[in-house]
Amino acid sequence: MSKIEKKKEKKTANELTSLAEKIRAKALENQKKRIEAENESDSESSSEKDSTAENKKSSKSTSKSKGSATAENDNANEGESFESFNELNLVPELIQACKNLNYSKPTPIQSKSIPPALKGHDIIGLAQTGSGKTAAFAIPILNRLWHDQEPYYACILAPTRELAQQIKEAFDSLGSLMGVRSTCIVGGMNMMDQARDLMRKPHIIIATPGRLMDHLENTKGFSLRKLKFLVMDEADRLLDMEFGPVLDRILKIIPTQERTTYLFSATMTSKIDKLQRASLTNPVKCAVSNKYQTVDTLVQALMVVPGGLKNTYLIYLLNESIGKTMIIFTRTKANAERLSGLCNLLEFSATALHGDLNQNQRMGALDLFKAGKRSILVATDVAARGLDIPSVDIVVNYDIPVDSKSYIHRVGRTARAGRSGKSISLVSQYDLELILRIEEVLGRKLPKENVDKSIILTLRDSVDKANGEVVMEMNRRNKEKIARGKGRRGRMMTRENMDMGER
Ligand SMILES: Nc1ncnc2c1ncn2[C@@H]1O[C@H](COP(=O)(O)OP(=O)(O)OP(=O)(O)O)[C@@H](O)[C@H]1O
């Protein structure tokens, strides 16, 4: 290398270092401002919380008498936790179903929340990803259902269609010896078929909010006036802005009196106004983790990626992880589609899951991955919450999530139910602020993964070339679609298929 070239390279390296320092300093400054702002709003909301909780206590005690535990009373059920499903007065069919599922003892959230739930309390359940929250709310509902078998007994709301389907499967297996009828009501599926299922008077309805509202408004003979249980799984997501309006409409037409409500999630909002939306009555808060906790069996790391090399780093990572099962998260549907194409072109078997696919394609992709016919699932946040696929070894954040909660849920797709797992986040210079924010909520720095740069450099050209081919192919297909006039219709169909706020 000539002296001039060397000098030039040194200058560029220096420029990059000082640029990185500037970016980091800016990120730290922004972070400081944000923490100050958050502290201010926290103290505001906690005083709001105190007064609102007080109001609520007095108004609810006149409308309903269900015990004296409140959301403030975090450990109301302390001392009541149990060690074995046999200790509870559960119906034998349910105990047997737990045995059949190899649930030898309750998980901590089950141990903490099932006793107060069996006593009839509303519950706010907070526990890490993969810790058995589904059974924590399903067991008390099924136990009660055994004693008064009525149609439209419980409704479970979930933010995504795939999660709703998975919850249905959990109810079906836990209720397998009890003759429980359940149905899944989600967007993207035939309304008439669903209306027919609803007319069969199922006990348990598992639904995404938008499609449930459609049926409440349009399906003759279907109402939730006698509903006994309402569950919001991934409650903080359901209570956020996107789902808020449709949820309010649903809540307006289902009973508050005599209804038990459970909110469960691995991350929870502490904003009282949001929780009030769910109109809980003196809920018992069962928390076995803090608001943003990941599990100990999860190893989390970062891979610092220089500009323009993200695809190459990803392929390097796939090369290093051959034989492992992986979910790669992207921020956009186009990125999910492109990366899935890139992986396949380079002979890593992948499939994509995102909201631009129709429901059959989405189910097909998930089935391929679950059955081990594809070792990589490239997904948007549609797959971030709730999905329970025990075989996932590694979660990769190709794009860093903008929301720290989303990070917690994404990495929670691995290391479930006591298993080990790993997450790797690809961090470019533009992601520094996001990653600082995530480290802040996790309460620790994430270690950097060692990489062999010489291998990465040898991969670069072929990865870039393959990526160019995939992009060209995607463009060609898009043009073809538009030429055939399917683009507009396709987009309209996708919109029709989507429920409000649903991913
Ligand atoms: N008592 C138990 N013993 C053993 N395994 C259990 C028990 N309860 C649940 N599981 C299993 O643990 C896994 C994770 O459970 P689940 O999907 O309910 O987690 P989760 O807490 O809802 O996670 P997420 O926050 O990601 O939605 C499931 O495969 C489930 O069958």
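Residues numbered from 1 in each chain as written. Predicted model: local features only at pLDDT ≥ 70, side-chain atom pairs only at ≥ 80, totals over all residues. Heavy atoms only, no water.

- If you look the protein chain up in an unreviewed UniProt entry, it shows as ATP-dependent rRNA helicase RRP3 from Saccharomyces cerevisiae x Saccharomyces kudriavzevii.
- For the record of the protein chain, the UniProt heading Function (unreviewed entry) holds the text "ATP-dependent rRNA helicase required for pre-ribosomal RNA processing. Involved in the maturation of the 35S-pre-rRNA and to its cleavage to mature 18S rRNA." (UniProt positions renumbered as here; feature names shortened; annotations may be inferred.)

### Quick notes on the sheet that holds strand β10 (residues 350-353)
Then, number 1: In spatial order, the strands read β8-β13-β12-β9-β11-β10; together these six strands make up an open sheet with parallel pairing. Looking along the sheet, the strands with just one partner apiece sit at the ends: β8 (298-304) and β10. Taken over all neighbouring pairs, the strand axes of this sheet differ in orientation by 20° on average, direction set aside.
Then, number 2: Of the pairings in the sheet, the one linking strand β9 (residues 326-329) to strand β12 (residues 394-397) comprises four bridges and is parallel in character. (Pairing = 2+ DSSP bridges. Helix = DSSP H or I, 4+ residues; strand = E, 2+ residues; numbered from the N terminus. Axes fitted to C-alpha atoms, helices over the stretch in contact; angles between N-to-C directions.)

### Details of the UniProt feature "domain: Helicase C-terminal" (unreviewed entry) in the protein chain
Then, number 1: This chain's UniProt record puts "domain: Helicase C-terminal" (unreviewed entry) on residues 309-463.
Then, number 2: Across residues 309-463 one finds 43% helix and 15% strand; the C-alpha atoms that close the span lie 9 Å apart.

### Observations concerning the site of the ligand
Then, number 1: Near the ligand, the surroundings consist of 20 residues, among which Y103, G130, K133, T134 and D388 are the closest.
Then, number 2: Note that an oxygen atom of the ligand is positioned 3.2 Å from one of the backbone N or O atoms of G132.
Then, number 3: Note that an oxygen atom of the ligand is positioned 2.5 Å from one of the side-chain N or O atoms of D388.
Then, number 4: About the coverage of the ligand: the protein hides 85% of its 650 Å² of free accessible area. (Near = heavy atom within 4 Å. Polar contact = N/O pair within 3.5 Å; in protein donor to acceptor, adjacent residues only side chain to side chain. Areas by Shrake-Rupley, 256 points an atom, 1.4 Å probe, with all protein chains shown as cover.)

### Considering helix α13 (residues 359-370)
Then, number 1: Counted at 1.5 Å a residue, the expected span for α13 with its twelve residues is 16 Å, and the 16 Å between its end C-alpha atoms agrees.
Then, number 2: For α13, the elements touching its buried residues are α5 (161-174), β9, β10 and β11 (376-379).
Then, number 3: Residue G372 follows α13 closely and has a positive phi angle near 80°. (Expected span 1.5 Å × (residues − 1). Contact = heavy atoms within 4.5 Å.)

### So, the UniProt feature "short sequence motif: Q motif" (unreviewed entry) in the protein chain
Then, number 1: Here the UniProt-annotated "short sequence motif: Q motif" (unreviewed entry) positions come out as residues 83-111.
Then, number 2: Between the C-alpha atoms that bound residues 83-111 the distance is 7 Å, and the span itself is 45% helix and 0% strand.

### What to know about the domain arrangement of the protein chain
Then, number 1: Per the domain assignment, the segments making up the protein chain are domain 1 (85-287) and domain 2 (298-479).
Then, number 2: Computed from C-alpha atoms alone, the centre-to-centre distance between domain 1 and domain 2 is 31 Å.
Then, number 3: Where domain 1 abuts domain 2, roughly 1500 Å² becomes buried across the two surfaces, and 52% of that area is made up of carbon and sulfur atoms.
Then, number 4: Area buried by domain 1 at its contact with domain 2 is led by T129, E162 and Q166, which between them contribute 36% of it.
Then, number 5: Across the contact surface, domain 1 and domain 2 share four salt bridges.
Then, number 6: One salt bridge in this structure joins R385 and E234, with 2.8 Å as the shortest N-O distance.
Then, number 7: On inspection of domain 1 and its partner domain 2, the count reaches nine residue pairs in polar contact (both at pLDDT 80 or more).
Then, number 8: When contributions to the side of domain 1 that touches domain 2 are tallied by element, the ones reaching two or more residues are α5 and α8 (235-238). (Domains from an automatic or database assignment. Buried area = accessible area lost by both parts, 1.4 Å probe. Salt bridge = Lys/Arg side-chain N within 4 Å of Asp/Glu carboxyl O.)

### A closer look at the sheet that holds strand β2 (residues 154-157)
Then, number 1: Read across the open sheet, the seven strands follow the order β3-β4-β2-β5-β6-β1-β7; overall the sheet is parallel. The sheet is open, and its two edges are formed by β3 (182-185) and β7 (284-287), each paired on a single side. The average angle at which neighbouring strand axes cross in this sheet is 15°, direction not considered.
Then, number 2: Sheet analysis places β2 next to strand β4 (residues 204-207), joined by four bridges and oriented parallel. Bridge pairing in β4 links L157 to A207.

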